[in-house]
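Coordinates in review
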Amino acid sequence: MAKSIGIFDSGYGGLTILEGIRHRMPDYDYIYLGDNARAPYGTRSFDVVHEFTLQAVKRLFAMGCPLVILGCNTASAKALRSIQQNYLPTNAPDRRVLGVIRPTAEVVGTMSRTGHIGVLATEGTINSQSYNLEIEKLYPSCTVVGQACPMWVPLVECGEYDKPGADYFVRDSLQKLLHQDPLIDTIILGCTHFPLLLPKIEQQLAQLSTRNPQPSTLNSQPSTLTPQPSTIKLIPQGQYIATSLEDYLRRHPDMDQRLSRGGTCQYLTTESATKFRESAALFLHEEVNVQHITLN
Ligand code: DGL
């Protein structure tokens, strides 16, 4: 049996993490599991997200994965710590489960010049305050504000993310975030679905700059304080999770040696395999082989 790296998400979003990881580490074997039948997780309670995530982790362990990445911010925020502290030590002491919040927090503090960081994510991730806690612990001088974007995941899951109807919801959440803190110069896309909205986000930030020119623009004097929305750095997570995983495996050669290297990728979904195959093509730009499973 291949000893694959398991990657879990509530739906399709984790494919943006898988893509980043496979791009950097193509030789390993991977199993991607999307709990599409029960997505979205973003508005679900702590207990439910924990229960669903643990079921997925157990399935990936049963399929031989020594290492599972929760490629989902909501699951990382609500279930990771408890799985690491309560489940693994007694039930699977030789397996590891890693999340996506800590690796993102580690890089973002080095990217902001103003020290003002925004987070766009699901309601569950924002309410957990996980990003605020992680970033402010690593970079005490940084200020972090978050904005829940409840409509963004459905826009992506329904394939509406590049349609004109998405403009309103993208602009609305960006305005709410920047209203909380106009000094933000770096925004984490803290939900793995959001990279698909990147062109819309860039477009709306550019329009916000045009509509509300800062005094710096009017006076032709560069402002060091209030960044123009169009200059805000956007941080999708895939490449940073990939770098962080590579670093983790370098620091844990025992785990690295247990992982098989056949360059394969298997896809599992709790929804219909046909539906997953069609939608996954939007994320991966390739046809994939998918198997339907049930989780309980
Ligand atoms: N993609 C997931 C994340 O990164 C959440 C999507 C959902 O609400 O299920 O948070």
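See the structure shown above.
Below you will find a few notes about this structure.

Residues Glu 19, Glu 278, Glu 286 and Glu 287 make up a contiguous surface patch of negative charge. Its location among the elements puts Glu 286 in the loop between helix H14 (273-284) and strand S10 (290-292). Note on Glu 286: relative accessible area 39%, which makes it partly exposed.

Turning our attention to the packing of helix H5 (residues 101-108) against helix H7 (residues 130-138). In the contact formed by H5 and H7, the axes pass within 9 Å of each other and the chain directions differ by 45°. The angle between the axes of H5 and H7 places the two elements in the oblique class. The crossing of H5 and H7 is right-handed. For the pair H5 and H7, contact is made by Ile 101, Arg 102, Thr 104, Ala 105, Glu 106 and Val 108 and by Ser 130, Tyr 131, Glu 134, Ile 135, Lys 137 and Leu 138, respectively. Split into classes, the residues belonging to the contact of H5 with H7 amount to six nonpolar, two polar and four charged.

What follows is about the site of the ligand. By nearness alone, 13 residues border the ligand, and Ser 10, Tyr 41, Gly 42, Thr 74 and His 193 come closest of all. With respect to the ligand, the side chain of Ser 10 contributes an N or O atom lying 2.6 Å from an oxygen atom. In this structure, His 193 approaches the ligand through a side-chain N or O atom, which is 2.8 Å from a nitrogen atom.

The subject of this paragraph is helix H9 (residues 166-180). An ideal rise of 1.5 Å per residue puts 21 Å on 15 residues; H9 measures up with 22 Å between its terminal C-alpha atoms. Along H9, the positions that sit buried rather than exposed are Ala 166, Asp 167, Val 170, Ser 173, Leu 174, Leu 177 and Leu 178. Burial along H9 is one-sided: seen end-on, the buried residues are contained in an arc of 150°.

This part covers the sheet that holds strand S2 (residues 30-34). Pairing is parallel across the open sheet formed by six strands, whose spatial order is S4-S3-S1-S2-S9-S10. The two strands at the open ends of the sheet, each matched to only one other strand, are strand S4 (96-98) and S10. Here the strands of the sheet are splayed against their neighbours by 20° on average, with no regard to which way each runs. Across five bridges, strand S1 (residues 5-9) lies against S2 in parallel orientation. Each bridged residue has a counterpart across the sheet, and for Ile 7 the counterpart in S2 is Tyr 32. Contacting strand S3 (67-70) and S4, helix H4 (residues 80-91) crosses the sheet at an angle of about 165° to S4.

So, about the packing of aromatic side chains. Overall, the coordinates contain nine aromatic pairs when judged by the stated rule. Considering the side-chain rings of Phe 8 and Tyr 41, the 6.1 Å spacing of their centres and the 45° angle between planes classify their relative orientation as tilted. Linking Phe 8 in strand S1 with Tyr 41 in the loop between S2 and helix H2 (46-62), this pair joins segments that are 33 residues apart in sequence. When its relative accessible area of 0% is taken as the criterion, Phe 8 is described as buried. Classification of Tyr 41 as buried rests on a relative accessible area of 1%. Judged by centre distance (5.2 Å) and plane angle (80°), the ring pair of Tyr 168 and Phe 169 falls under edge-to-face. Judged by its relative accessible area of 48%, Tyr 168 falls in the partly exposed class. Three or more aromatic residues link up through ring pairs in this structure, and these residues are Tyr 12, Tyr 32, Tyr 267, Phe 276 and Phe 283. If you follow Arg 38 out to its NZ or CZ, it ends over the ring of Phe 52, 3.6 Å from the centre.

Conventions we followed
- Residues numbered from 1 in each chain as written.
- Predicted model: local features only at pLDDT ≥ 70, side-chain atom pairs only at ≥ 80, totals over all residues.
- Heavy atoms only, no water.
- Patch = residues over 30% accessible without salt bridge, like charges linked within 9 Å, V, L, I, M, F, W, Y side chains within 5 Å.
- Areas by Shrake-Rupley, 256 points an atom, 1.4 Å probe, with all protein chains shown as cover.
- Salt bridge = Lys/Arg side-chain N within 4 Å of Asp/Glu carboxyl O.
- Lys, Arg positive; Asp, Glu negative; His and termini not counted.
- Charge placed at Lys NZ, Arg CZ, Asp CG, Glu CD.
- Helix = DSSP H or I, 4+ residues; strand = E, 2+ residues; numbered from the N terminus.
- Buried < 20%, exposed > 50% of the residue type's maximum accessible area, 1.4 Å probe, protein only.
- Axes fitted to C-alpha atoms, helices over the stretch in contact; angles between N-to-C directions.
- Parallel < 35°, antiparallel > 145°, perpendicular 65-115°, else oblique.
- Left-handed = near helix turned anticlockwise from the far one by under 90°.
- Contact = heavy atoms within 4.5 Å.
- Nonpolar A, V, L, I, M, F, W, Y, C, P; charged D, E, K, R; others polar.
- Near = heavy atom within 4 Å.
- Polar contact = N/O pair within 3.5 Å; in protein donor to acceptor, adjacent residues only side chain to side chain.
- Expected span 1.5 Å × (residues − 1).
- Arc of directions from axis to C-beta.
- Pairing = 2+ DSSP bridges.
- Phe/Tyr/Trp six-rings, centres within 6.5 Å; stacked < 30°, edge-to-face > 60°.
- Lys NZ or Arg CZ within 6 Å of the ring centre and 35° of its normal.

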